[in-house]
Amino acid sequence: MTDTTAAAGRRRTAPLVRRGAALLSTLGVIAVTMFGLIFVTFIIGRVMPVDPVLAVVGERASKEIYDRVYFEMGLDKSLVEQFWIYLTDVLTGNFGTSTLTARPVVEDIARVFPATLELATIGVIIGIVFGVPMGVTAAVYQGRWPDHVVRLFGLFGYSMPIFWLALMGLIIFYGNLDWVGAPTGRVDVFYQDIVPPVTGMILIDSAIAGDWTIFWNAVSHVVLPAAILGYYSLAYISRMTRSFMIEELSKEYVTTARVKGLSERAVIWRHAVGNVSVPLITVIALSYANLLEGSVLTETIFSWPGLGQYITNALLNADMAAVLGGTVVVGLTFVGLNMLSDVLYRVLDPRARS
Amino acid sequence: MTEELLRVEDLWVRFPTPSGKVVEAVRGVSFSLGRERLGIVGESGSGKSMTGRSILRLVRPPGQVQAKRIMFHDQDLLTLSERKMRQVRGNRISMVMQDPKFSLNPVMTVGRQIAEAYRLHTGASRREAKRATLEMLEAVQIRDPERVRDLYPHEVSGGMGQRIMIAMMLAPDPEILIADEPTSALDVTVQTSVLRIIDRLVKERGMGLIFISHDLNLVATFCDRILIMYAGRVVETCEASRLHEAKHPYTRGLLNALPRLDEPKAALEAMTRDPAWTEAPSVDGYL
Amino acid sequence: MASDTLQSTSHTGWRAWLLTDTPASRMQARLGQLYLGWRTFRSNPLALIGFLIIVALVLMAIFAPLLAVHDPYAQNLDLRLRAPGEDGYWLGSDDLGRDIWSRIVHGAPITLQIVAIVAVTAPTIGLLVGTAAGYLGGWIDVVLMRITDIFLAFPRLVLALAFVAVLGAGIENAILAITLTAWPPYARIARAETLTIRRADFIAAIRLQGAGPIRIITGHIWPLCLSSIIIRVTLDMAGVILTAAGLGFLGLGAQPPLPEWGAMISAGRDFFLDSWWVATIPGLAIFIVSLGFNLLGDGLRDVLDPKRKSA
């Protein structure tokens, strides 16, 4: 009758060691990935351009500037040395100076990042709040009309160019209905730079400052871009929720729950969704990361002063240091979010926990 | 013999397939159940599991269940509303499934899963449910129920998982238990102990048991009465004690395919199947 | 659990031959599978719509010169920004007085070209990398998969942007950049498939018969990876179209005056509130085409993916 006690005992001594090993290997993978990420941007910035100096200073630069930058970039040294310098620079947060703003790239990024974070966070919340119930409904009514509606709605989101949808939204809700603010960034032009930046997120900052006029103005500006990003993350989240749920609902424990006499609602939401919530965390982290990408195009439309707009502006002005700095930061955020989802997975899933 | 708890009349289960054919998993099965242990034996695909699930109306779509009636006391289960049916499931008729690895919810502690079943039908408080949970765990001979209560299903062995499953399904004190291959996924060493627990609880509580298995020997030693299913039909029914008198060639074939210590043979007989078995009408298995 | 007694609805002639449970030859079995797949596919109206959209795109690209009623590059500043239906521009004209319908039609081959090139190159790279990693294993696997992970660590558009920034704007570079960012998922899929297939008994049997790794990979593993790769390609094409359009929109893809749809939206951006159609119509074209690929991909997955079929 005690066939489990021994096994349980063994299981209890092992976890610390195993957990440590798992953590180390995860950290190793992350370190290698980050290293590779920096390496790829190095290749893009230094090796691929015919003349990396020209890419940095632009064609109009004088001879002195050209030479100064040539030595500053260490182009007289070997590639290995150059990479070493680049690597230490990036790791110490030195991405060089933006030719466009004449400020260190890292300062620029610190200034614009909160705006993107604010937008993406609202977007992902919209995605979760609507996407999860839609996915669950679609799975429960698999093959019937609610399923088709949800799937089509999601596929539409997958198929629209985000910048186009943003323009359409502006035509309707700004041009025709005048329900939302103009695409002038986070607030109307005459409200800009009034609220002291604390978190860098205007909704929070204006609330802290108690300036409700600006707060509501900011709300009217954030609604449309956030809804559009939210639609994209909804499309992804609902699709994944649906496929997870379909698989889950075919499992035997769901039958067990029905045998117990539970209502369909309890079977679905307590038992099946409870199991799905663990892999969903990964999906949500991924969709958060995807919104970073979506924000590149959305921000240009709405003149949203975030990382996406910063990168595209830099691109159009051949500001390579800023482009590469932005790319590295986006990549690192991506890796960071993946890591976070991995950690959450371990914490939330009892099977991974022990 | 005894009073009839359940009476299944002319049960059919059909599955339409994507290619437009219809697979008939159960074809006109009739039987009844008293406060006894009824074994349903058959090979995989003979429809025995579907028979069990039909009683609880848990055959998944696109499967379709049809019967003249499925009488539980004086109610026809087929005509009950889904809400009324839920009051039968778990509460009055319950089921233990094959593999606890899959049939327990992996992200819920076993204590919560047992308490959930108990509270649902008794409306008991959290504290009462906790007490009942511990009591049930003890009833299925789990030592240290306080500790096991907080474990997740992957942390217990197969044998313990199945005992937890039994505890969960018997917590609301049902009248009928359907055990669908309850020991097939377990190690041989723990099979007997799990069977003994089922046997004792069923007897103590005066329940009816439908024991579904592919193992003729096991059913013969464990049950009072046996239905033998083949290709969706009952081909023979008999008292377990009179199994050796069975006449149907399929049953005989099964019996002859078993090695016996008292009558050693050089080679066991292989089954020759007669297509006529598939076509012969179902035998009824009423009390 | 289900009984194998079939109540067969009788089929006649070629259909019975296709649907038989006991095919006499490998070809008959394959054709039968194909027929069953087609039946599943046909019963999914959405997938059929997707298929038709793509057929229409291809026809449009082939017959572009015939379908276009105007020269897509001919400017007419007297007739600029005409609304749809005005002055013979049934989809309106843009800011340089060019016929939007004709430009859309001539944009079809550009989109198709991008899609076709990426659809051939990216999966090929991915297949090579993935099967090599999965079959050879060891440090080759580790190195190749780490590289794959690094590429996956960038959001696709951002990496493509960085590539194009260095390579210079233009449609060729846009395609190159998209390919460079599109192959890693295929490598992942191919590796996963290879790992499962590699351990299969039939591969062991083939090896015992003396087949070398090249033969096993090209003759047995690649064909088996194909169905999951095809599904992924179809679903991916929508993303490729959107990325290409995004690059075009930012002015980094196809350059003016090429009638690339993303670039056309960008051109309409300056006056989208007054002349909505200039930005709206090319966007609709992108939307319809990528929806077509998405619908088709979804349908193909139902047909080709045996795991989902049984679920």
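Refer to the preceding data block for the structure.
What counts, and at which threshold
- Residues numbered from 1 in each chain as written.
- Chains lettered and ligands numbered in written order.
- Predicted model: local features only at pLDDT ≥ 70, side-chain atom pairs only at ≥ 80, totals over all residues.
- Heavy atoms only, no water.
- Helix = DSSP H or I, 4+ residues; strand = E, 2+ residues; numbered from the N terminus.
- Buried < 20%, exposed > 50% of the residue type's maximum accessible area, 1.4 Å probe, protein only.
- Pairing = 2+ DSSP bridges.
- Core = buried A, V, L, I, M, F, W, Y, C linked by side-chain atoms within 4.5 Å.
- Domains from an automatic or database assignment.
- Contact = heavy atoms within 4.5 Å.
- Polar contact = N/O pair within 3.5 Å; in protein donor to acceptor, adjacent residues only side chain to side chain.
- Phe/Tyr/Trp six-rings, centres within 6.5 Å; stacked < 30°, edge-to-face > 60°.
- 1 Å grid on protein atoms, 1.4 Å probe; cavity = no way out; pocket = protein on both sides within 12 Å on 5 of 7 lines; lining within 4 Å.
- Points joined across faces, edges and corners; volume = space filled by probe spheres on them.
- Axes fitted to C-alpha atoms, helices over the stretch in contact; angles between N-to-C directions.

Across the junction of Pro61 of chain B and Pro62 of chain B, the peptide omega takes the value 10°, indicating a cis bond. Summarising the element assignment, Pro62 of chain B is placed in the loop between α1 (48-55) and β4 (64-66). Unusually for a residue other than glycine, Asp178 of chain A sits at a positive phi of about 60°. For Asp178 of chain A, the location among the structural elements is in the loop between α7 (162-176) and α8 (202-209). The phi angle at Arg57 of chain B is positive, at roughly 55°, despite the residue not being glycine. Looking at the element boundaries, Arg57 of chain B is found in the loop between α1 and β4.

Our focus in this paragraph is the pairing of strand β2 (residues 22-33) of chain B. Where a strand is regular, its side chains alternate between the two sheet faces. Residues and elements named next belong to chain B. In terms of burial, β2 is largely enclosed, as 11 of its 12 residues are buried. Bridging between strand β1 (residues 6-16) and β2 involves 9 bridges; their strand directions are antiparallel. Looking at the pairing, Arg7 lines up with Ser32 of β2.

In this section: the nonpolar core. Membership of the largest hydrophobic core comes to 152 residues, with the highest contact counts inside it found for Leu247 and Trp261 of chain C. Top element by residues in this core is helix α10 (residues 213-249) of chain C. It accounts for 15 residues. Here this core spans two domains, and each of domain 1 (17-91) and domain 2 (106-353) of chain A adds at least three residues to it. Among residues more than four places away in sequence, those in contact with Leu247 of chain C are Leu157, Ala160, Leu161, Val164, Ala174, Ile178, Leu252 and Gly253 of chain C. If you look at the next biggest cluster of nonpolar residues, it comprises 94 residues, including Leu5, Phe72, Tyr118 and Ala240 of chain B.

Another aspect to go through is the side chain of Arg37 of chain B. Residues and elements named next belong to chain B. Following the sequence through the fold, Arg37 ends up in strand β3 (residues 37-41). Arg37 gets classed as buried once you look at its relative accessible area, which sits at 15%. Looking at Arg37, its side chain comes within polar contact range of the side chain of Asp199, at 2.7 Å. Of note is the side chain of Arg37, whose polar atom sits 3.4 Å from the backbone oxygen of Phe222.

Applying the stated criterion across every chain yields a total of 18 aromatic pairs over all chains. Here Phe35 of chain A and Phe83 of chain A contribute two aromatic rings whose centre-to-centre distance is 5.6 Å and whose plane-to-plane angle is 85°, an arrangement assigned as edge-to-face. Of this pair, Phe35 of chain A sits in helix α1 (residues 5-47) while Phe83 of chain A sits in helix α4 (residues 79-91); the two residues are 48 residues apart in sequence, bridging distant segments of the chain. On the basis of an interplanar angle of 50° and a centroid distance of 4.6 Å, the ring pair of Tyr230 of chain B and Tyr250 of chain B is categorised as tilted.

So, about empty space enclosed by the protein. The gaps of empty space that remain are located by a probe, the size of a water molecule, rolled over the atoms. Residue and element names in this part refer to chain C. For the structure shown, the criterion picks out 2 cavities of 30 Å³ or more. The space that makes up the largest cavity amounts to roughly 60 Å³. Together, Thr111, Ile114, Val115, Ile241, Ala244, Ala245, Glu260, Trp261 and Ile286 line the largest cavity. Breaking the lining of the largest cavity down by element, the ones donating at least two residues are α5 (100-136) and α10.

Our next topic: the sheet that holds strand β7 (residues 93-96) of chain B. All names here are of chain B. A sheet is described by the order of its strands in space; here 6 strands give the open sequence β7-β8-β9-β3-β10-β11, paired in mixed fashion. The sheet is open, and its two borders are formed by β7 and β11 (233-239), each paired with just one other strand. Looking at each pair of strands side by side, their axes are set apart by 20° on average, direction ignored. With 4 bridges joining them, β3 and strand β10 (residues 225-230) adopt parallel strand pairing.

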